[in-house]
Amino acid sequence: MIARRKPGRLLSRAFFEDPPERVAPRLLGKILAHRTRSGILAGRIVEVEAYLGPHNNPPDPAAHTHRGPTPRNQVLFGPAGFAYIYSIYGRYFCANVSCEAEGQGGGILLRALEPLSGMEQMARNRGLKPGAPARMLTSGPGRLCEALGLTRPTHNGLDLLDSASPLQVRDDGFMTTEALVTVRIGITHAADWPLRFTLEGNHCVSGPRSLTGQRILLR
DNA sequence: CTGTGGATTTGCT
DNA sequence: GCAAATCCACAGG
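Residues numbered from 1 in each chain as written. Chains lettered and ligands numbered in written order. Predicted model: local features only at pLDDT ≥ 70, side-chain atom pairs only at ≥ 80, totals over all residues. Heavy atoms only, no water.

Q: How would you explain the pattern of salt bridges if you had to name every residue and give the values?
A: Going through the model one piece at a time under the given rule, you end up with 13 salt bridges. Ionic pairing is found between Asp 171 and Arg 9, a salt bridge with its closest N-O pair at 3.4 Å. Here Asp 171, found in strand β7 (residues 167–171), pairs with Arg 9, found in strand β1 (residues 9–10); they are 162 residues apart in sequence, far enough to count as distant. Overall, Asp 171 belongs to the buried group, its relative accessible area being 14%. A salt bridge links Arg 184 to Asp 60; the shortest N-O distance between them is 2.7 Å. Of this pair, Arg 184 sits in the loop between β8 (178–182) and β9 (196–198) while Asp 60 sits in the loop between β3 (39–51) and β4 (83–88), and the two are 124 residues apart along the sequence. One continuous salt-bridge network, built from bridges that share partners, spans Glu 47, Glu 49, Arg 111 and Arg 196. (Salt bridge = Lys/Arg side-chain N within 4 Å of Asp/Glu carboxyl O. Helix = DSSP H or I, 4+ residues; strand = E, 2+ residues; numbered from the N terminus. Buried < 20%, exposed > 50% of the residue type's maximum accessible area, 1.4 Å probe, protein only.)

Following this line, the structure appears as structure tokens:
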């Protein structure tokens, strides 16, 4: 007998219509779900990073939107709650969610999930044996996309809040009280800005365990 | 834990 | 044309 997970409910557009540094911590504990022919691949969001739009002062030099709209980043300048997926280092994809008001260019990078359903298919997608540890499936932005089967050609620009969309962010009622805030990973500019948010202690969080930071209370 | 190499898309000059 | 890039796998200590 397979236990059916609580699917949760879709989030509202308003949830995402705030600056990235405010939406990012709010996203912790929510669920990213991909409906595929081979089942639902889903996990709880345990690590995110905020990337600020170019209207900020000073602008965020690490953000893809830093120099304004381009063909690649146009989704980030659209309405909030859409998937921005880009390719990186020739081998991987990374998934983001557009946020704040249309035209503002804010985004949130999804860096790690705790797998909830479809682990066997995730392992296949990642080229691992069934039963591979959760960490190896969805810990890291490239791994996360590979595990869920997300690519730019098929998933960039999808509405994450639409009941008909194959890719959604959902809320199953999971409550968190505290987040750890650290600097972002893998960037060279604005390397000291505290814009990475994690569920401290969750073993699917990527990156060095030694990264220290401030704890904040979640509303 | 650290270091290092693979690999290609993007956008600027 | 080229440098940079929101990375990952693997080897070695």
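There's more to say after this.
Q: Which residues make up the protein's contact with DNA strand B, and what are the values?
A: Around DNA strand B, the surrounding shell consists of Arg 67, Thr 70, Arg 72, Ser 87, Gly 90, Arg 91 and Arg 152. In DNA strand B, the atoms that sit within 4 Å of the protein are 79% sugar and phosphate, with bases accounting for the remainder. In the environment of DNA strand B, a sugar or linking oxygen lies 3.3 Å from a nitrogen or oxygen atom belonging to the side chain of Ser 87. (Near = heavy atom within 4 Å. Polar contact = N/O pair within 3.5 Å; in protein donor to acceptor, adjacent residues only side chain to side chain.)

Q: If you had to explain the nonpolar core to someone new, which residues and values would you point to?
A: In this structure, Phe 16, Leu 27, Leu 32, Val 48, Leu 110, Leu 148 and Leu 150 are the most contacted members of the largest nonpolar core, which totals 44 residues. Sorting elements by how many residues they give to this core places β3 first, with 5 residues. In terms of nonpolar packing, the next biggest core, distinct from the first, is built from 11 residues, Ala 62, Val 75, Tyr 84 and Leu 109 among them. (Core = buried A, V, L, I, M, F, W, Y, C linked by side-chain atoms within 4.5 Å.)

Q: Hey, could you go over the protein's contact with DNA strand C for me, with residue numbers and the actual values?
A: Within the structure, DNA strand C sits among 20 residues, and Ala 62, His 64, Tyr 86, Leu 109 and Gly 142 are positioned closest to it. For DNA strand C, the backbone makes up 60% of the atoms found within 4 Å of the protein, where backbone means sugar plus phosphate. In this structure, a phosphate oxygen belonging to DNA strand C sits 2.8 Å away from a main-chain N or O atom of Gly 142. In the environment of DNA strand C, a phosphate oxygen lies 2.8 Å from a nitrogen or oxygen atom belonging to the side chain of Arg 143.

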